[in-house]
Amino acid sequence: MTDLCFSENIKTKIEYMYIEKEWQLFKKGKKQFKDVYEELAEKIKWKKETETNRKNEVYCLDMHLNMGSLLKGVFSEERKKFVSEVKTDELLGNEALFTEKDWEKAEEMVKKIKSISKKENKIKFWIGENANDICSFLYLLSEIDENCEVSYVHFTSSLASAQDGEFEKYFYDEILLKDDLRKKALKKWKDICKEKGCLRTFAEGTIKNVNPDFYDEIILSQIPEEEFTAMNLIFMIQENCSVAVEDYVLKRICMILSGDNFEKRYKPAVQSPLNLYEMIYKKKKD
């Protein structure tokens, strides 16, 4: 069976889950290890010997489908331009974080998944509570072979932060996608593709198109009266507003902090500042 997710962090977690599950099965009935060091040595040896015989392939596809107009298609030049602009991190000195090579890799991965769906009889999707995961799932559902059986695991952000030993429950949360739900999902994707918006969010149990300034009020509500850094602000937004500070939100933070409403200075220890993370901000008095 093939597993598919939409972030590298989750991919690493899933791979770890499968390895742990196989290891637990392997060591059943084996001799008792005299200490943790002997068990660790045996586990390392076992992992190396079984590396090429994994039963589950885990793939990751992240095309940032929460952003960019879909009117002309997922890989349209218009959407590529929008995503690439958002994925230029101004906090890191205008570093490009999603390049043409990344787009090419994404297209190749879509082709690979389509091919897998024709050869195998089942694909399992791992879907988080965010617009990118849900839109990516809906898009791929419209691309894969209609005879391929689809199941999914719906998880909250807790999977990304789960500690070792907390994963097992996710293996029992797999849900088979029934035909009626599959038809509804495909219709939902068609509806999303007809909408004109360039930003999608997951709210109130569904995908919604929202205005470009959707996150501004949330960001501004967390700006303190005293001095703060960009990292302070990011932490407060995540902690107090349950908002994942990812690509587009970071872009809006950059835009707000670059405005004239803030006094700015570099941290005392910074000799040659490279990016906005090294700056200290203070809201100007009215």
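Computed from a predicted structure; not experimentally measured. (Residues numbered from 1 in each chain as written. Predicted model: local features only at pLDDT ≥ 70, side-chain atom pairs only at ≥ 80, totals over all residues. Heavy atoms only, no water.)

Visitor: Go over the nonpolar core with me, naming the residues and quoting the values.
Guide: Membership of the largest hydrophobic core comes to 59 residues, with the highest contact counts inside it found for Met 63, Phe 125, Phe 137, Tyr 139, Leu 140 and Trp 189. Here the element with the most residues in this core is helix 5 (residues 131-143); it accounts for 8 residues. Look past the residues within four positions of Leu 140 in its chain and what remains in contact with it is Leu 4, Phe 6, Leu 61, Val 110, Ile 113 and Phe 125. Counting residues in each nonpolar core, the second largest holds 10 residues, with Ile 10, Ile 14, Val 58 and Phe 155 among its members. (Core = buried A, V, L, I, M, F, W, Y, C linked by side-chain atoms within 4.5 Å. Buried < 20%, exposed > 50% of the residue type's maximum accessible area, 1.4 Å probe, protein only. Helix = DSSP H or I, 4+ residues; strand = E, 2+ residues; numbered from the N terminus. Contact = heavy atoms within 4.5 Å.)

Visitor: Give me helix 4 (residues 100-119): which residues, what numbers.
Guide: Because an α-helix packs 3.6 residues into every turn, residues spaced three or four apart end up facing the same way. The end-to-end C-alpha separation of helix 4 is 29 Å, in line with the 28 Å expected for 20 residues at 1.5 Å each. Within the span of helix 4, buried status applies to Trp 103, Ala 106, Met 109, Val 110, Ile 113, Ile 116 and Ser 117. With its buried residues spanning 140° around the axis, helix 4 presents them on a single face. Residues of helix 4 that are exposed and angled more than 90 degrees away from the buried face: Lys 101, Lys 105, Lys 111, Lys 118 and Lys 119. Among the structural elements, strand 1 (2-5), strand 2 (57-60), helix 3 (77-86), strand 5 (122-128) and helix 5 are those in contact with the buried residues of helix 4. (Expected span 1.5 Å × (residues − 1). Arc of directions from axis to C-beta.)

Visitor: Run through the layout of surface pockets, naming residues and quoting values.
Guide: Here the second largest pocket defines a volume of roughly 450 Å³. Taken together, 15 residues line the second largest pocket, and the ones lying closest to its centre are Ile 134, Phe 137, Leu 138, Tyr 152 and Ala 185. Among the elements that line the lining of the second largest pocket, the one with the most residues is helix 7 (residues 179-194), at 4 residues. A per-class count over the lining of the second largest pocket returns 10 nonpolar, 3 polar and 2 charged. (1 Å grid on protein atoms, 1.4 Å probe; cavity = no way out; pocket = protein on both sides within 12 Å on 5 of 7 lines; lining within 4 Å. Points joined across faces, edges and corners; volume = space filled by probe spheres on them. Nonpolar A, V, L, I, M, F, W, Y, C, P; charged D, E, K, R; others polar.)

Visitor: I'd love a proper account of the sheet that holds strand 7 (residues 175-176), names of residues and values included.
Guide: Spatially, 5 strands are ordered 2-1-5-6-7 in an open sheet, and the strand pairing comes out mixed. Here the strands that pair on one side only, and so sit at the sheet edges, are strand 2 and strand 7. Bridge count for strand 1 against strand 2 is 4 bridges, and the pairing is parallel. Counterpart to Thr 2 in the pairing with strand 2 is Glu 57. Strand contacts of helix 4: strand 1, strand 2 and strand 5, with the helix running at about 145° to strand 2, the strand carrying the most contacts. Running at roughly 155° to strand 5, helix 5 makes contact with strand 1, strand 5 and strand 6 (149-155) of the sheet. (Pairing = 2+ DSSP bridges. Axes fitted to C-alpha atoms, helices over the stretch in contact; angles between N-to-C directions.)

Visitor: Please provide a residue-by-residue account of unusual backbone geometry, values included.
Guide: Of note in this structure, His 64 is not a glycine but carries a positive phi near 55°. Positionally, His 64 belongs in the loop between strand 2 and helix 3. Among the residues examined, His 64 registers a relative accessible area of 5% and is labelled buried.

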